[in-house]
Amino acid sequence: MKIHTTNYQDTFIEVAEDCPVSVSEIPLQKNIRTIAEMQYEMISKHPYHFTSDDIIFETYAQKNNFTEIEKPEERLKFFSKGQPCLRSSALAKRYGFGIHHNNEGKVTLFSLESQEYKNFISDNSVKKVKAMRSKRS
């Protein structure tokens, strides 16, 4: 069985061109936790600790209430098919966060207005990809 991945290395995901904010916003807590809230919490509390695969699967596992015993098998099933990467995350599309993948594929967030975000944009040694647009142009 082929296993797919969403991980990047040494790559910066820029905010989507049609992102509605010019200053990053933390996803607000709602009655039902959103994927964006879960992703924000995981990444912001543990910078450069998780890979994209870890984050995407863990949010899926939380939404589906998998037990710790079920997770290894469910993770194999989940990645046996291609999955959307963090370029499709609302954090980069709607909330104004750039997502940096280091050389180990571990990720962290940088707010759109931060100097670090600007540094990544101007650094030619870092591969850059745009977050997916929300609307077709």
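Look up a bit, the structure's there.
This one's a predicted model, so the numbers in the text were calculated from it and none came from an experiment.

Peer 1: Give a description of the pairing of strand β2 (residues 97-101) that names residues and reports values.
Peer 2: In terms of burial, β2 is a largely internal element, 5 of the 5 residues being buried. Across the two faces of β2 the burial is the same, with Phe97, Ile99 and His101 and Gly98 and His100 all buried. Here strand β1 (residues 11-14) pairs with β2 via 3 bridges, running antiparallel. Each residue of the ladder has a partner; that of Phe12, found in β2, is His100. Bridging between β2 and strand β3 (residues 107-111) involves 5 bridges; their strand directions are antiparallel. Among the inter-strand pairings, His101 is bridged to a residue of β3, identified as Val107. If you look at the hairpin formed by β2 and β3, you'll find 5 residues sitting between the two strands, and Gly105 has a positive phi there, around 85 degrees.

Peer 1: Hey, could you go over the sheet that holds β2 for me, with residue numbers and the actual values?
Peer 2: The strand order β3-β2-β1-β4 describes an open sheet built from 4 strands, whose pairing is mixed. At either end of the open sheet lies a strand with only one pairing partner, and these are β3 and β4 (127-130). Pairwise comparison of adjacent strand axes, ignoring direction, gives a mean angle of 25 degrees for this sheet.

Peer 1: So what's going on with the side chain of Asp53? Which residues, and what values?
Peer 2: Mapped onto the secondary structure, Asp53 falls in helix α2 (residues 52-63). For the buried Asp53, no salt bridge exists, and the shortest N-O distance to an oppositely charged side chain is 4.6 Å, to Arg75. With residues near it in sequence (within four places) discarded, Asp53 still touches His4, Thr5, Thr6, Asn7, Arg75 and Phe79.

Peer 1: Describe the pattern of salt bridges, and please don't skip the residues or the numbers.
Peer 2: When the charged atoms of two side chains lie near each other, side chains of opposite charge can form a pair. Considering all chains together, one arrives at 8 salt bridges under this definition. The shortest N-O distance in the salt bridge between Glu25 and Arg94 comes to 3.0 Å. Within this pair, whereas Glu25 is found in the loop between β1 and α1 (35-45), its partner Arg94 is found in the loop between α4 (90-93) and β2, the two being separated by 69 residues in sequence. A relative accessible area of 33% means that Arg94 is categorised as partly exposed.

About the thresholds
- Residues numbered from 1 in each chain as written.
- Predicted model: local features only at pLDDT ≥ 70, side-chain atom pairs only at ≥ 80, totals over all residues.
- Heavy atoms only, no water.
- Buried < 20%, exposed > 50% of the residue type's maximum accessible area, 1.4 Å probe, protein only.
- Helix = DSSP H or I, 4+ residues; strand = E, 2+ residues; numbered from the N terminus.
- Pairing = 2+ DSSP bridges.
- Axes fitted to C-alpha atoms, helices over the stretch in contact; angles between N-to-C directions.
- Lys, Arg positive; Asp, Glu negative; His and termini not counted.
- Salt bridge = Lys/Arg side-chain N within 4 Å of Asp/Glu carboxyl O.
- Contact = heavy atoms within 4.5 Å.

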